[in-house]
Amino acid sequence: MVNGFNSFWATPFRITQWKDFGDYSEKIISVVKEYDDTITSQTESVNIAGLEKGLTTKWYTYNFLQSNHPSIQKLREFIFSEVNTYLEEIGHNDPNLYYQSWANLLKNQEILNIHSHAGSYSYVSGVFFVKTVESSTKYFIPLDRRIPGVEDFFETEIEIKNIEGGLVIFPSFIEHCSTPTLENLERITIAFDILKEAPIDRFHNSFGQRVIDRF
Ligand SMILES: [Fe+2]
């Protein structure tokens, strides 16, 4: 059947933990709260993954990991190093990449509905867990095997427990969702996309914001 390399329907994930997270967790949480206080009140919400308000709906206005705060620089170093390892592992070698990143602060049983990060030039995505209790993320098979009319039925799903200090990297086309945030508990994550180009589309630049930087 095959001459040369084949990897039919392979969907490589990388799941790791940041061993120094304990040294920076409180600082990172305070930076996210600062963003939540300022950015959430400043700009217009754009509905995303079922959310109508809150920090996630302002993702298009900033590039979180570009922050100069020392704790965020450390987080960026960890995430970039892991992404580079992932790219090596899947055999991708492209020196001209871009990235966008944002913070999610979910409260009062909010959830992120099923979505993917597929979009102009986005091919690798990831999520880092800053604060989470008893939650997980479900990732779905990329082939459309849904029963017509049953929107949230999937043939196959993989549920990965969310761990504080944990990072999951996956192809941008993989659809995923979060399980509900427990009552009165916050969940904080940092998400990002690695892009082949800096796209000019309504989700990135045409809101008048510049949020893509060189990876
Ligand atoms: Fe996502």
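Residues numbered from 1 in each chain as written. Predicted model: local features only at pLDDT ≥ 70, side-chain atom pairs only at ≥ 80, totals over all residues. Heavy atoms only, no water.

Here we look at the coordination of the iron ion
Then step 1. H115 (NE2), H117 (NE2) and H176 (NE2) make up the full set of protein donors to the iron ion, lying at 2.1 to 2.2 Å.
Then step 2. Between consecutive donor residues of the iron ion, the sequence gaps follow H-x1-H-x58-H. Of this pair, H117 sits in the loop between β2 (98-106) and β3 (122-131) while H176 sits in strand β7 (residues 176-178), placing them 59 residues apart in sequence.
Then step 3. Take H176: its relative accessible area is 7%, and that puts it in the buried class. (Donors = N, O, S within 2.8 Å, 3.2 Å for Na, K, Ca; no water. Helix = DSSP H or I, 4+ residues; strand = E, 2+ residues; numbered from the N terminus. Buried < 20%, exposed > 50% of the residue type's maximum accessible area, 1.4 Å probe, protein only.)

Here we look at the nonpolar core
Then step 1. Counting 39 residues, the largest nonpolar core has F64, I79, F128 and I190 as its most contacted members.
Then step 2. Elements represented by at least two residues in this core include exactly α1 (21-42), α2 (70-89), β2, β3, β6 (166-171) and β8 (187-195).
Then step 3. When residues in this core are grouped by element, the largest group, eight residues, is from α2.
Then step 4. Discounting chain neighbours no more than four positions away, the residues touching I79 are L65, F128, L167 and F192. (Core = buried A, V, L, I, M, F, W, Y, C linked by side-chain atoms within 4.5 Å. Contact = heavy atoms within 4.5 Å.)

Quick word on the packing of aromatic side chains
Then step 1. Going through the model one piece at a time under the given rule, you end up with 13 aromatic pairs.
Then step 2. Taking the centre distance of 5.6 Å and the plane angle of 15° together, the rings of W18 and F78 count as stacked. Placement of the pair is W18 in the loop between β1 (14-17) and α1 and F78 in helix α2, with a sequence separation of 60 residues. Of the two residues, W18 and F78, neither departs from the other in class, the shared state being buried.
Then step 3. Here the aromatic cluster, defined as three or more aromatic residues joined through ring pairs, consists of W18, F21, Y24, F78 and F128. (Phe/Tyr/Trp six-rings, centres within 6.5 Å; stacked < 30°, edge-to-face > 60°.)

Examining the sheet that holds β7
Then step 1. The strand order across the open sheet built from three strands is β5-β4-β7, with neighbouring strands paired in antiparallel fashion. Where the open sheet ends on each side, the last strands, each with one partner, are β5 (157-161) and β7. Neighbouring strand axes in the sheet, compared pairwise and without regard to direction, differ in orientation by 20° on average.
Then step 2. Relative to β5, strand β4 (residues 136-140) runs antiparallel, the two sharing five bridges. Its bridge partner lying in β5, S136 is registered against K161. (Pairing = 2+ DSSP bridges. Axes fitted to C-alpha atoms, helices over the stretch in contact; angles between N-to-C directions.)

Here we look at the pattern of salt bridges
Then step 1. Scanning the model with the defined rule gives eight salt bridges in all.
Then step 2. Here K196 makes a salt bridge to D94, at a shortest N to O gap of 3.2 Å. Within this pair, whereas K196 is found in the loop between β8 and β9 (213-214), its partner D94 is found in the loop between α2 and β2, the two being separated by 102 residues in sequence.
Then step 3. The partly exposed category is assigned to K196, whose relative accessible area is 31%.
Then step 4. Here K131 ties to E186 by a salt bridge, and the two come within 3.0 Å at their closest N and O atoms. Highlighted residues: K131 in strand β3 and E186 in the loop between β7 and β8, separated in sequence by 55 residues. (Salt bridge = Lys/Arg side-chain N within 4 Å of Asp/Glu carboxyl O.)

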